[in-house]
Amino acid sequence: MLRYISHDFSLLRCLWFTKPMSRRTAALATTGEVLHLIRSGEAVTRADIGRVTGLSRPAVSLRVGELLERGLVVERTDAPSTGGRPPVRLEFNAAGGVVLVASLGASRTRVAVCDLAGRELAGRGFAIDVEQGPDVVLPLLMDTWEELLGDRPRSMVRGVGMGVPATVEFAKGRTESVRVMASWTGVVIPPIVQERFPVPVLVDNDVNVLAIGEHRGVYAGMADDLLFVKISTRIGSGIVAGGRILRGALGAAGEIGHIPVKDGGGVLCRCGNVDCVDSVASGTALLRDLRKAGKDVKDIDDVTALVRAGDAETMAMVREAGRRIGEVLAGAVNILNPAVVVLGGDVAEAFASLVSSIREVVYRRGTALATRSLRIEPSRLGAAAGISGCAVMVLDRVLSPEAVDESLARGTAAPSGI
Ligand SMILES: [Zn+2]
């Protein structure tokens, strides 16, 4: 029970304050849990750790010693003196390793090396067609990581986090979509990457990764229930419920793009159904319908130019797309009751009128309680949420108390990397 609750340190602290732990129980606070206390800022000196965990001084020293030896923690003595000897402050060492991340999109991909705090140390953007398949794309990603690592020793690599534009069976890192990334169907990505980087490899859907990045980077501590909607070449969403990403039984949660709209006109969707919101209101659908109406549009920038020029027909189509998306989102809001809906993706970023149409429909069609304090906001991080979300996903795993304790027990840096 203690091990189960011990990752929620606010809860743990609360329990400790109400019911001090006996020495015997306190001995369960492991080195990995001590690292978590230091990382979260809950305990920054040896005395703090002793107080919060109830561990004896030798036990605290032993655990801190292991963390210092692994380079996960550093000591600082620059704390302001209060007269006596200044206490030695313990700091999580973000420079003690790196994670490799890649945020793959249908049109935009970014590859980066991040420190253990999730900050990008080096990165590169690409326009690669992911439909070329894993045989082409994965070696390119791995070569780029090698280049971005430069002179850093490969032993510094603690883990890999990737977002891919497909449904992913998260536990296995296996892509599922049959029609979207056909050449990736059933590919189990981690073992391929681990041939070159023998560390934990986590793979998730691209929109889940954006949701994680936006939640942790902007709304952590303010909103634990968030719906991130990406409106771009395609439409998809990532759901954060109770502070955690909701993946569903097999990783298919959040597929709002394939919810049908009313009176869509019988448009056949690439999923095989008709009138999915993706097939009538995505960037791809908007371009198709504008071309049908005789407009010369190659990409979303051309549509933006028409809107800026005040083209009435284009403006009406953009607003209509917003209404379609709003119709589906109102249903999602009724089911999930998020505190905030974040609208991201290049189509949402380009058109204020699309966003206002979505807002109007969601507030009109959502239930009174679900929309009472609902915020509908544009993405604050934009595409950067992809990289930070990948980093958060892999760091949460490799720096978890269990992963740290497991690798200490093994006494080796590989394969978990810590
Ligand atoms: Zn569909």
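Residues numbered from 1 in each chain as written. Predicted model: local features only at pLDDT ≥ 70, side-chain atom pairs only at ≥ 80, totals over all residues.

Moving on, we come to helix α13 (residues 312-336). With 25 residues, α13 extends 35 Å from end C-alpha to end C-alpha; this agrees with the ideal 36 Å at 1.5 Å per step. Of the residues making up α13, those classed as buried are Thr314, Met317, Val318, Ala321, Gly322, Arg324, Ile325, Gly326, Val328, Leu329, Ala332 and Val333. Directly after α13, the chain includes Asn337, whose backbone phi takes a positive value near 50°. (Helix = DSSP H or I, 4+ residues; strand = E, 2+ residues; numbered from the N terminus. Expected span 1.5 Å × (residues − 1). Buried ≥ 20, exposed ≤ 12 C-beta atoms within 10 Å, placed from the backbone.)

Right, let's talk about the sheet that holds strand β4 (residues 109-115) for a bit. The strand order β5-β4-β3-β6-β9 describes an open sheet built from five strands, whose pairing is mixed. With one partner strand each, in any of the chains shown, β5 (120-126) and β9 (201-205) form the two edges of the open sheet. Within the sheet, the average angular offset between the axes of one strand and its neighbour, ignoring direction, is 15°. As defined by bridge partners, strand β3 (residues 98-104) adjoins strand β6 (residues 157-164) across six bridges and the pair is classed as parallel. Bridged to Val99 within β6 is Gly159. Contacts from helix α7 (residues 134-149) reach β3, β4 and β5, with the element oriented near 40° to β4. Sitting on the sheet, helix α17 (residues 384-398) is in contact with β3, β4, β5, β6 and β9, with an inclination near 135° to β6. (Pairing = 2+ DSSP bridges. Axes fitted to C-alpha atoms, helices over the stretch in contact; angles between N-to-C directions. Contact = placed C-beta atoms within 7 Å.)

Reading across from one edge, β12-β11-β10-β13-β14 is the order of the five strands in this open sheet, with mixed pairing throughout. Across the chains shown, the open sheet's two edge strands, defined by having one partner strand only, are β12 (244-245) and β14 (375-378). Bridge analysis of strand β10 (residues 226-231) against strand β13 (residues 340-344) gives five bridges, and the strand direction is parallel. When the bridges of β13 are listed, Phe228 appears paired with Val342.

Where helix α4 (residues 31-39) meets helix α6 (residues 57-69), the axes come as close as 9 Å, and the angle between the chain directions of the two elements is 75°. Relative to α6, the element α4 lies roughly perpendicular. Each of Thr31, Val34 and Leu35 in α4 lies in contact with α6, whose residues at this interface are Arg63, Val64, Glu66 and Leu67. The class makeup of the residues in the contact of α4 with α6 is four nonpolar, one polar and two charged. (Parallel < 35°, antiparallel > 145°, perpendicular 65-115°, else oblique. Nonpolar A, V, L, I, M, F, W, Y, C, P; charged D, E, K, R; others polar.)

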